Amino acid sequence: MERVDDAISLLEKGPPQWRSAPLVRFWLALSYALAGRKEQAATEFAAFRVLAPKWTLSTTRRNWDRRFGPQFSDRIIALSREYGIPEK
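What you are looking at is a predicted structure, and each value in this text was computed from that prediction instead of being measured. Residue positions are given per chain, counted from 1 along the sequence in the order it is written. The predicted nature of this model means local features are confined to residues of pLDDT at least 70 and side-chain atom pairs, given and counted, to a pLDDT of 80 or more, with totals for whole chains, interfaces and linings taken over all residues. Water and hydrogen atoms play no part in the side-chain values, which are based on all heavy atoms of the structure.

**Student:** Whenever I open this one, the overall build of the protein chain confuses me. Can you help?
**Tutor:** Only DSSP runs of H or I reaching four residues or more are called helices, and only runs of E reaching two or more are called strands; each is numbered from the N terminus. What the protein chain contains, in helices and strands, is five helices and zero strands. Going residue by residue from the N terminus, the α and β elements of the protein chain occur as α-α-α-α-α. Computed over the C-alpha atoms, the radius of gyration of the protein chain is 12 Å, within 12% of the 12 Å expected from 2.2 N^0.38 for a compact globule of 88 residues. Seen along its three principal axes, the alpha-carbon backbone of the protein chain occupies a region of about 30 × 30 × 25 Å. A total of 88 residues make up the protein chain; the buried ones form 36% of that total. Contact between two residues is taken to exist if any of their heavy atoms lie within 4.5 Å; hydrogens are not considered. Restricting to contacts in the protein chain with at least 6 residues of sequence separation, those with at least 24 account for 59%. We score Asp and Glu as negative and Lys and Arg as positive, and we do not count His or the chain ends. A single reference atom marks each charge: NZ on Lys, CZ on Arg, CG on Asp, CD on Glu. Placing the 15 positive and 10 negative side-chain charges of the protein chain at their respective mean positions leaves the two points 7 Å apart. The globule rule used here is 2.2 Å times the number of residues to the 0.38 power, and the radius of gyration it is set against is calculated over C-alpha atoms. For each residue, the accessible area found with a 1.4 Å probe, counting protein chains only, is set against the maximum for its type, and the residue is called buried under 20%, exposed over 50%, and partly exposed in between.

**Student:** Can you walk me through the nonpolar core in this structure?
**Tutor:** Proteins that are soluble and globular tend to have nonpolar side chains buried together. To qualify as a nonpolar core, a set must consist of buried Ala, Val, Leu, Ile, Met, Phe, Trp, Tyr and Cys residues joined through side-chain atoms within 4.5 Å. The biggest cluster of nonpolar side chains holds 23 residues, and the ones touching the most others in it are Phe26, Phe45 and Trp55. If you list the elements that add at least two residues to this core, you get helix 1 (4-13), helix 2 (22-34), helix 3 (38-51), helix 4 (57-65) and helix 5 (70-82). Residue contributions to this core peak at seven residues, all from helix 2. Those residues in contact with Trp55 that lie beyond four places of it in its chain are Leu23, Phe26, Phe48, Thr60, Asn63, Trp64, Ile85 and Pro86.

**Student:** How do you make sense of the packing of helix 1 against helix 2 when you look at a structure like this?
**Tutor:** Any two packed helices are characterised by how steeply their axes cross, that is the angle between the axes, and by the distance between the axes. At a minimum axis separation of 9 Å, helix 1 and helix 2 run at an interaxial angle of 145 degrees. In this structure, helix 1 meets helix 2 at a crossing whose hand is left-handed. The segment helix 1 lies against helix 2, with Val4, Ala7, Ile8, Leu11 and Glu12 engaging Val24, Trp27, Leu28, Ser31, Tyr32 and Leu34. Residue classes follow a fixed rule: Ala, Val, Leu, Ile, Met, Phe, Trp, Tyr, Cys and Pro count as nonpolar, while Asp, Glu, Lys and Arg count as charged, and any other residue, Gly among them, counts as polar. When its residues are assigned to classes, the contact of helix 1 with helix 2 shows nine nonpolar, one polar and one charged. Angles shown run from 0 to 180 degrees and are taken between the N-to-C directions of axes, each axis being a line fitted to C-alpha atoms and, for helices, limited to the stretch in contact. Two helices that cross are described as forming a left-handed crossing if the nearer one is turned anticlockwise from the farther one by less than a right angle, and a right-handed crossing if clockwise.

Right, dumping it as structure tokens:
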């Protein structure tokens, strides 16, 4: 969370094929949201939902709870919910 601008820079400058990778779009959306760049976050979350229409908060929880501590995982889930990722 402390290096959000670095994450945004890396994800924005990545190869063009990254734009079709759902998790890259997801991380870019989260990074924008964490940086307070709401419009860009909304755009990226919308692009992510097109690429991964079956992704839900349950999916988020399953994928991130075991990889990150509860504080970060809860933040990911809250931001995902805020930007329209459905519960189920």
